[in-house]
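# Working through the structure, step by step
Chain residues, written in single-letter form:
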Amino acid sequence: MKLWSGRFTAELNDIAEQFNDSLPFDRLMYRQDIRGSIAHCTMLGKCGIITEDEAKTLAAALKAILADIDNGKLEPVGAEDIHSFVENTLVSRVGDVGKKLHTARSRNDQVATDIRLYLRDGIDEQIGLLKTLVTALADKAEKEKATAMPAYTHMQKAQPTTLGHYLLAYANMFLRDAQRLIDCRKRVNVLPLGSGACASTTFPIDREYTAKFLGFDGVTQNSLDGVSDRDFAVEYLSCATQAMLHLSRINEEFVYWSGEEFGFLILPDEFSTGSSIMPQKKNPDVNELLRGKCGRVVGDLMSMITVMKGLPLAYNKDMQEDKEPLFDAVNTLSLSLKVFTAFMNAVEFNRQNMNAASAGGHSCATECADYLAAKGLPFRAAHEVTGKIVLYCIDNGKTLQSLTVDEYKKFSPLFDDGILKAVLPKNAIARRKAIGGCASEEIDRQLKVLRNELNKI
Ligand code: ARG
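Read on for a plain summary of the structure. Predicted model, so just to flag it, every value in this text is computed and none were measured.

Next up on the list: the overall build of the protein. Check the secondary structure of the protein and you find 19 helices and 6 strands. Relative to the 2.2 N^0.38 estimate, which gives 23 Å for 457 residues, the radius of gyration of the protein is 30 Å and therefore markedly larger than a compact globule would have. Taken along its principal axes, the extent of the C-alpha atoms in the protein is 100 × 55 × 40 Å. Sorting the 457 residues of the protein into buried and exposed places 49% on the buried side. If you take every contact in the protein between residues at least 6 apart in sequence, the share linking residues at least 24 apart comes to 75%. Total accessible area on the protein is roughly 21700 Å²; 55% of this is exposed by carbon and sulfur atoms.

Turning next to unusual backbone geometry. Ala314 follows Leu313 through a cis peptide bond whose omega is 0°. Assignment of secondary structure puts Ala314 in the loop between α11 (285-308) and α12 (323-346). Of note, the phi angle at Ala104 is positive, near 60°, even though the residue is not glycine. Within the secondary structure layout, Ala104 lies in the loop between α5 (82-94) and α6 (107-143). The class for Ala104 is buried, based on a relative accessible area of 9%. A positive phi angle, close to 55°, is found at His154, a residue other than glycine. Looking at where His154 falls in the secondary structure, it is placed in the loop between β1 (148-153) and β2 (156-162). For His154, a relative accessible area of 73% gives the class exposed.

This next bit is on the environment of Asn172. Along the chain, the position of Asn172 falls in helix α7 (residues 163-188). For Asn172, a relative accessible area of 31% gives the class partly exposed. When the C-alpha atoms of Asn172 and Glu453 are compared, they prove to be 9.9 Å apart, with 281 residues separating the residues in sequence. Within polar-contact distance, the side chain of Asn172 engages the backbone oxygen of Leu168 at 2.9 Å.

Applying the stated criterion across every chain, the model contains 1 cavity of 30 Å³ or more. Quantified by volume, the largest cavity comes out at close to 40 Å³. Along its surface, the largest cavity is lined by His40, Met43, Ala104, Leu193, Gly194, Ile205, Arg207 and Thr210. Going through the elements one at a time, α3 (30-46) and α8 (207-213) are the ones with two or more residues in the lining of the largest cavity. Among the residues forming the lining of the largest cavity, the class breakdown is 4 nonpolar, 3 polar and 1 charged.

Core analysis: the largest hydrophobic core is formed by 95 residues, its most contacted members being Phe174, Tyr236, Phe254, Trp257, Phe340 and Phe349. Sequence-distant contacts of Phe340, defined by excluding residues within four places in its chain, comprise Leu133, Phe174, Leu247, Ile250, Asn251, Phe254 and Leu290. The next biggest cluster of nonpolar side chains, apart from the first, holds 19 residues, and it includes Cys368, Ala382, Ile389 and Tyr408.

In this section: the packing of aromatic side chains. Scanning all chains against the criterion turns up 20 aromatic pairs. With centroids separated by 5.9 Å and ring planes inclined at 35°, the aromatic side chains of Phe254 and Phe343 adopt a geometry described as tilted. Of this pair, Phe254 sits in helix α10 (residues 231-257) while Phe343 sits in helix α12, placing them 89 residues apart in sequence. Here Phe254 falls in the buried class, since its relative accessible area comes to 0%. With a relative accessible area of 0%, Phe343 lands in the buried category. Here the guanidinium or amino end of Arg120 rests over the ring plane of Phe216, the centre of that ring lying 5.1 Å away.

Turning to the side chain of Ser363, a few remarks are in order. Mapped onto the elements, Ser363 comes out in the loop between α13 (351-357) and α14 (365-374). One polar contact links the side chain of Ser363 to the main-chain carbonyl oxygen of Ser358, over a distance of 2.7 Å. Once residues within four sequence positions are removed from consideration, Ser363 is found in contact with Ala158, Gln159, Pro160 and Ser358.

So, how was this worked out
- Residues numbered from 1 in each chain as written.
- Predicted model: local features only at pLDDT ≥ 70, side-chain atom pairs only at ≥ 80, totals over all residues.
- Heavy atoms only, no water.
- Helix = DSSP H or I, 4+ residues; strand = E, 2+ residues; numbered from the N terminus.
- Rg over C-alpha atoms; globule rule 2.2 N^0.38 Å.
- Buried < 20%, exposed > 50% of the residue type's maximum accessible area, 1.4 Å probe, protein only.
- Contact = heavy atoms within 4.5 Å.
- Areas by Shrake-Rupley, 256 points an atom, 1.4 Å probe, with all protein chains shown as cover.
- Polar contact = N/O pair within 3.5 Å; in protein donor to acceptor, adjacent residues only side chain to side chain.
- 1 Å grid on protein atoms, 1.4 Å probe; cavity = no way out; pocket = protein on both sides within 12 Å on 5 of 7 lines; lining within 4 Å.
- Points joined across faces, edges and corners; volume = space filled by probe spheres on them.
- Nonpolar A, V, L, I, M, F, W, Y, C, P; charged D, E, K, R; others polar.
- Core = buried A, V, L, I, M, F, W, Y, C linked by side-chain atoms within 4.5 Å.
- Phe/Tyr/Trp six-rings, centres within 6.5 Å; stacked < 30°, edge-to-face > 60°.
- Lys NZ or Arg CZ within 6 Å of the ring centre and 35° of its normal.

Put into structure tokens, the structure is as follows:
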């Protein structure tokens, strides 16, 4: 039965009905919808808008409906949306008193409440998942703080660093993602229920009570805003997109690291798949999917922004389109975080290949220039001299590590024995002690700061 059939004389056209119905997708938030209704009827009872007995009857029946859907006895089908389904079921079970549930409420403030509850649940899960991922990355970074590898700029070997330093870069990104969600949660966790359809209600409701009942930090301050605000959803989707972007970046690196040309990473069998034709193949499908799924969430954000653009106040049916992108983003991010953390715990790195690669591409040239600069040559001039040395190495098939002191001295009298040590990757790493650097003791400090931030979450 429709919740609004009174003023109609004809049934809704079949195709229009199919087009209008949201139950096929909003049934996903039945728990939140029922939780919200239990809070609402309890508040109605407490305020004397319905009797305490009626409130108790409604709450008990709502709890039973929740349990029945949970254990598969009742399936949400055959109604316009989840709100109609729950109310119809309630009326069919308790009779006329069920028709009192919607007193001082509209589906507009109800749906806004439901999606906030749904998002809050998602955010809480994801903050925990991000915390676990950052912990896994930090532990791995600690283990790999002596594994040298090249740092790249423009995908060209740039300077030696360590795998620990590298993994900590991503740990910091995912830490910020968690912090962003914590901040976003503040704006999600405000109760719109009580805004009514748009201009609030004439009943003497107690919104603060409902808010407390549902664990909201407060109530929305303007009913027109309360029913039409989806900023919090755009904000969440933006946070989710950012986390997915980070996942796509690290997984892109892992994809090529796993190839023979790089050989930095050993794909765990449990996280790789084979080819139906090439028997030798072991493919990084999980990492590729983690890279690719970012596209969905970016799309979810774009959908939401586009739906909201130019919408006049207050509720418009366009807003029914908010759910699928939100549900998809929550589901995609949670799943991605779970699988990636499991991958991080299983993956092994090829330390030998990484160490060997760290000196390639004349990546210690900056050390050579720094050496001259420390001896008093202005850095720009030291850069020029070192450029000439690199050219000499390229022309003669040599490396900065294989040159003799005499060869160095041909380029500048400032060189002495010390240069031979300065251009070793392990020394280049050990001397980068400035805040943010890759020296072992600096990595220890960064780990401490990171874990300290993590403990605050
Ligand atoms: N299914 C609707 C939605 O998701 C519920 C709100 C309906 N409100 C209305 N005025 N028709 O947006």
